[in-house]
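The lines below spell out each chain.
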Amino acid sequence: MPIANCIISSDCIEGSGNLVELWSSESGISSEHMTINIIASSKQIGNKYRVMANLYLPSMWSDQNITELQVGLARALAQYFTLALSEVHVVTSIVKSGLVVESGEKSTW
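This is a predicted model, so every value here is computed, not measured.

A.B. asks: Provide a residue-level description of the sheet that holds strand 4 (residues 88–95), including the pertinent values.
C.D. replies: A sheet is described by the order of its strands in space; here 4 strands give the open sequence 2-1-3-4, paired in mixed fashion. Strands with a single pairing partner mark the edges of an open sheet, and in this sheet they are strand 2 (35–40) and strand 4. Direction aside, the axes of adjacent strands within the sheet are offset by 15 degrees on average. Here 6 bridges tie strand 1 (residues 3–8) to strand 3 (residues 51–58), and the two strands are oriented antiparallel to one another. Each residue of the ladder has a partner; that of Ile 3, found in strand 3, is Tyr 56.

A.B. asks: Explain the packing of aromatic side chains residue by residue, including any values.
C.D. replies: Aromatic rings considered in pairs are described by the distance between their centres and by the relative angle of their planes. Per the stated rule, a full pass over the model turns up 1 aromatic pair. With a centroid separation of 5.0 Å and an interplanar angle of 90 degrees, the aromatic rings of Tyr 80 and Phe 81 are classed as edge-to-face. Both residues of the pair, Tyr 80 and Phe 81, belong to the buried class.

Scoring rules and cut-offs
Residues numbered from 1 in each chain as written. Predicted model: local features only at pLDDT ≥ 70, side-chain atom pairs only at ≥ 80, totals over all residues. Heavy atoms only, no water. Pairing = 2+ DSSP bridges. Helix = DSSP H or I, 4+ residues; strand = E, 2+ residues; numbered from the N terminus. Axes fitted to C-alpha atoms, helices over the stretch in contact; angles between N-to-C directions. Phe/Tyr/Trp six-rings, centres within 6.5 Å; stacked < 30°, edge-to-face > 60°. Buried < 20%, exposed > 50% of the residue type's maximum accessible area, 1.4 Å probe, protein only.

Put into structure tokens, the structure is as follows:
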């Protein structure tokens, strides 16, 4: 359940290839359950980032896996959109067991 909601500035040009597979490659973690949502931003005020990602991870991941996933996501996004790493911002939220509903059922791990 690694899910990334990525808000991109309107001037970002999408790369080619599979962004999920690139994230998997950069993080060293299987893409089997990864999801990336790309959301175009119409306006950003304050600190400017060309890509801002909200990453949701289940609490079962180890600290090492969390680091690999968030850093891998930042690298994949920078590479995919041809940006400097300083233009990508990732915020990670840890989701506790039981706080996800999938296929109409509460998920526990």
